[in-house]
Amino acid sequence: MSRLFARSANIRKVFTGLAAASGGVCCLFDSGDGGPEQACWLNVLPAQEMVSGHRFPDRRALVETWPDPEE
């Protein structure tokens, strides 16, 4: 399943579409091989950001970009 997700833009689009339709703020791809996760959907926009990368050194940094539901 991870390989299919990694290789197919259409499969990623299905899952990011589900995240968007359900009001999700993030859709993460975890290859299952111990490598870093990739944010594929973030704050209503498609994304290609690695968690443990420059922008998001960890999950906390990723979560800090989410909108506050109380505002």
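Shown above is the structure to which this text applies.
What you see is a predicted model, and the numbers here were worked out from it, not measured in a lab.

Rules used in this analysis
- Residues numbered from 1 in each chain as written.
- Predicted model: local features only at pLDDT ≥ 70, side-chain atom pairs only at ≥ 80, totals over all residues.
- Heavy atoms only, no water.
- Pairing = 2+ DSSP bridges.
- Helix = DSSP H or I, 4+ residues; strand = E, 2+ residues; numbered from the N terminus.
- Axes fitted to C-alpha atoms, helices over the stretch in contact; angles between N-to-C directions.
- Contact = heavy atoms within 4.5 Å.
- Phe/Tyr/Trp six-rings, centres within 6.5 Å; stacked < 30°, edge-to-face > 60°.
- Buried < 20%, exposed > 50% of the residue type's maximum accessible area, 1.4 Å probe, protein only.
- Core = buried A, V, L, I, M, F, W, Y, C linked by side-chain atoms within 4.5 Å.

Draft legend 1. Inspection of the sheet that holds strand β3 (residues 45-50) at higher detail. If you walk across this open sheet you meet the three strands as β1-β2-β3, and the pairing is antiparallel. Either end of the sheet is taken by a strand with one partner, and the two such strands are β1 (26-29) and β3. Sheet twist, expressed as the mean angle between neighbouring strand axes with direction ignored, is 20°. Inspection of the sheet shows β1 paired to strand β2 (residues 38-42) by four bridges, in the antiparallel sense. Across the sheet, residue Leu-28 finds its bridge partner in β2, namely Ala-39. Of the strands in this sheet, β1 and β2 touch helix α2 (residues 9-21), which is tilted by about 50° from β2.

Draft legend 2. The arrangement of the packing of aromatic side chains in detail. Using the criterion set out here, one finds two aromatic pairs in the structure. Seen from their ring centres, Phe-5 and Phe-29 are 4.7 Å apart, and the 25° between their planes marks the pair as stacked. Of this pair, Phe-5 sits in helix α1 (residues 2-7) while Phe-29 sits in strand β1, and the two are 24 residues apart along the sequence. Exposure remark for Phe-29: the relative accessible area of 13% places this residue in the buried category. An aromatic cluster is present here, built from Phe-5, Phe-15 and Phe-29 joined pairwise through their rings.

Draft legend 3. Layout of the nonpolar core. Core analysis: the largest hydrophobic core is formed by seven residues, namely Ala-39, Leu-42, Ala-47, Val-51, Phe-56, Ala-61 and Leu-62. When residues of this core are traced back to their parent elements, those giving at least two are β2 and α3 (59-63). Dropping the residues within four chain positions of it, Leu-42 is found in contact with Val-25, Cys-26, Ala-47, Arg-55, Phe-56, Leu-62, Thr-65 and Trp-66.

Draft legend 4. Layout of unusual backbone geometry. At Asn-43, a position not held by glycine, the phi torsion is positive, near 55°. On the secondary structure map, Asn-43 appears in the loop between β2 and β3. Exposure remark for Asn-43: the relative accessible area of 22% places this residue in the partly exposed category. The phi torsion at Val-44 lies on the positive side, around 70°, for a residue other than glycine.

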